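A closer look at the structure
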Amino acid sequence: MENVEVIIVLLVTALAATLGARTLLRRIPLVLRQIPAFDVLPAAAADAVESSYRLHFALGSSGLGFGGSLSTLVSAEVIYRLAQRLAVSRQSPLITLNDALTLPLAQDTLRRAYEYRQTMEYYRAHAAAWFPQGQRSLAFAAGAASLSADLDAVGNVLLGRFGTELAFLGESAMRHDQTLIAHSDLIEGQAIAFAQADQVLLGEELYAGPAYMNPRKVDEGSLLATELLRWLVIFGILVTALEAAL
Amino acid sequence: MRSHRLVNFLATVTVISIGLVMIIGLLSDQDTVPGIMAAFLLSLVTVIAAVAVVVGVLNLIAVHLGRFTRAERGWPYSIVVLVVAIGVIVLRILDRADIWTGDLEGERISARLFEAVQVSIESALAALLLFFLAFAAFRLMRRQVTVWNVLFSVTVVVVLLGSDPLNLLSDTRDWLVEVPVNAGTRGLLIGVGLGTVTAGVRVLLGQDRSYRD
């Protein structure tokens, strides 16, 4: 099978599964397995509002326009759903990132949340802060960690693409007694997140985020489509391995 | 309200159209019309990304100027950031204007400054990461002893011992890196890839809200 054919099969299957599951789920309620990070995230947002402290979201190297565009969009969607809860507070959440193209997306995510709550007077465009990317994103990590600490953020939510620089953010969170919920789509970042974070989101669990927080039917349909594709891939790997062995 | 709906409708139509053009273009040969259109759209992104860096720098300056004027905690660091940012921009302009004379003629001071300061500081920070990681493994075990935490800590110890000059456990380390780590990386990448496909489908269905009011 050529790459083009694989892409077409994946897209058509995902499209059919998403639409099919969306229709099916109108009649059958979806029961989701527990992902602790998605239990903790709304609670962290509620804590931040009650204590009038900020919550810090970091997108790391996730960027629009190239490889990680869709993971950036999903991260922004998760941030939006949490920012909706935070937008009742005067303390605007902080979003840090190091891809300049993502800056308007981050600002707009916050703006939409405040507009939804009709509290635009609390919205600050500068609550989304860009830091330049160094050779290992350490300049970003140093800047984001110190800004989060200086603004007394009660917790750090790292969603997107982080490498080893995640250790720096994690260390700073520990020193300043901040909660750390972390995800990375890079293996180095994922390993560090496992060791340092209070709660960790593994690999594709980030993409399940919209289905766990104020879900729409299409979000749940999308999650079911991912599960179907996962089983198809597992089946494909097993068949190929058996074929090679026999 | 009506104008909002119209803007949302136009945004959705634009996103779906461009998404479809990109998919068809990337699946076609480069010299076909869809291939050329996809390449054109990608080059537009590159240009916008370059302009966005200027927006990013302005944002950085605005954020730190705000912290300085409001005297927020850590404001002295903001002054350092502002002075360095302006200094680097001025140096770069002087470099481009070839203003240096004497021993400095033909030099690119901004590039040299970057190498001397940025690379050194980042290397020093990178060296600290090892200690952060070792301490994180220790904290992990102190917090809760589970099978996965033990496995993680043992792996860290084996990899660290396997990397020493005495070649202790180097075979075990190589096997760990080549088999379980490789398998884990592929599993992670496949999972992220599948998530990306379904997220892409959501965008193509016009269900993504990031570009709508």
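Residues numbered from 1 in each chain as written. Chains lettered and ligands numbered in written order. Predicted model: local features only at pLDDT ≥ 70, side-chain atom pairs only at ≥ 80, totals over all residues. Heavy atoms only, no water.

Okay, the overall build of chain B next. Per the secondary structure count, chain B includes six helices and zero strands. Sequence-ordered secondary structure for chain B, helices as α and strands as β, is α-α-α-α-α-α. Since a compact globule built from 213 residues should have a radius of gyration of about 17 Å, the 26 Å found for chain B marks it as more spread out than a globular shape. For chain B, the spread of C-alpha atoms along the principal axes amounts to about 65 × 55 × 45 Å. The proportion of buried residues among the 213 residues of chain B is 27%. A separation threshold of at least 6 residues defines the contact pool for chain B, and within that pool the share at least 24 residues apart is 21%. Accessible surface for chain B amounts to roughly 13800 Å². Of this, 72% is attributable to carbon and sulfur atoms. Positive and negative side-chain charges in chain B, numbering 17 and 16 respectively, have mean positions lying 17 Å apart. (Helix = DSSP H or I, 4+ residues; strand = E, 2+ residues; numbered from the N terminus. Rg over C-alpha atoms; globule rule 2.2 N^0.38 Å. Buried < 20%, exposed > 50% of the residue type's maximum accessible area, 1.4 Å probe, protein only. Contact = heavy atoms within 4.5 Å. Areas by Shrake-Rupley, 256 points an atom, 1.4 Å probe, with all protein chains shown as cover. Lys, Arg positive; Asp, Glu negative; His and termini not counted. Charge placed at Lys NZ, Arg CZ, Asp CG, Glu CD.)

Opposite the 62 residues of chain B that make contact, chain A presents 74 residues. Buried surface at the junction of chain B and chain A, summed over both partners, amounts to about 5900 Å²; 69% is from carbon and sulfur atoms. Linking chain B with chain A are three salt bridges. Between Arg67(B) and Asp150(A) there is a salt bridge, with the nearest N and O atoms lying 2.8 Å from each other. (Buried area = accessible area lost by both parts, 1.4 Å probe. Salt bridge = Lys/Arg side-chain N within 4 Å of Asp/Glu carboxyl O.)

Residue and element names in this part refer to chain A. Relative to the helices and strands, Thr96 resides in strand S2 (residues 94–97). The class of Thr96 is buried, set by a relative accessible area of 0%. Within polar-contact distance, the side chain of Thr96 engages the side chain of His56 at 2.7 Å. (Polar contact = N/O pair within 3.5 Å; in protein donor to acceptor, adjacent residues only side chain to side chain.)

On to the packing of helix H4 (residues 109–143) of chain B against helix H5 (residues 147–162) of chain B. Residues and elements named next belong to chain B. Their axes nearest at 9 Å, the elements H4 and H5 cross at an angle of 150°. Judged on the interaxial angle alone, H5 and H4 are roughly antiparallel. Crossing angle aside, the handedness with which H4 passes H5 is left-handed. The segment H4 lies against H5, with Leu130, Ala137, Leu140 and Met141 engaging Asn149, Val150, Phe152, Ser153 and Leu160. Each residue belonging to the contact of H4 with H5 can be placed in one class, and the counts come to seven nonpolar, two polar and no charged. (Axes fitted to C-alpha atoms, helices over the stretch in contact; angles between N-to-C directions. Parallel < 35°, antiparallel > 145°, perpendicular 65-115°, else oblique. Left-handed = near helix turned anticlockwise from the far one by under 90°. Nonpolar A, V, L, I, M, F, W, Y, C, P; charged D, E, K, R; others polar.)

The next thing to look at is the sheet that holds strand S6 (residues 199–201) of chain A. All names here are of chain A. Taking strand neighbours across the sheet as the criterion, the six strands line up as S3-S2-S1-S4-S5-S6 in an open arrangement whose pairing is parallel. Bordering the open sheet on either side are strand S3 (128–130) and S6, each of which pairs with just one other strand. Pairwise comparison of adjacent strand axes, ignoring direction, gives a mean angle of 15° for this sheet. In this sheet, strand S4 (residues 155–161) lies alongside strand S1 (residues 55–60) in parallel orientation, the contact comprising five bridges. Bridging across to S4, Leu55 finds its partner in Gly155. Docked against the sheet, helix H7 (residues 187–196) engages strand S5 (179–183) and S6, running at close to 155° with respect to S6. (Pairing = 2+ DSSP bridges.)

Turning next to the domain arrangement of chain A. All names here are of chain A. Taken domain by domain, chain A consists of domain 1 (1–31 + 216–246) and domain 2 (36–215). The straight-line distance from the C-alpha centre of domain 1 to that of domain 2 is 29 Å. Listed by partner, the interface residues are six residues for domain 1 and eight residues for domain 2. Between domain 1 and domain 2, the buried area comes to about 520 Å², and carbon and sulfur atoms account for 59% of it. Sorting the residues of domain 1 by area buried against domain 2 places Arg216, Asp219 and Leu223 first, and these three jointly supply 67% of that buried surface. The interface formed by domain 1 and domain 2 holds two salt bridges in total. Arg81 is the partner of Asp219 in a salt bridge, and the nearest nitrogen-oxygen pair spans 3.0 Å. Our count for the contact surface shared by domain 1 and domain 2 stands at two residue pairs in polar contact (both at pLDDT 80 or more). For the side of domain 1 that touches domain 2, the per-class residue count stands at one nonpolar, no polar and five charged. (Domains from an automatic or database assignment.)

Residue and element names in this part refer to chain A. Tracing the chain through its elements places Thr119 in the loop between helix H4 (102–117) and S3. A residue is classified by how much of its surface remains accessible, and Thr119, at 10% relative accessible area, is buried. Those residues in contact with Thr119, other than ones at most four positions away along the chain, are Ala87 and Tyr114.

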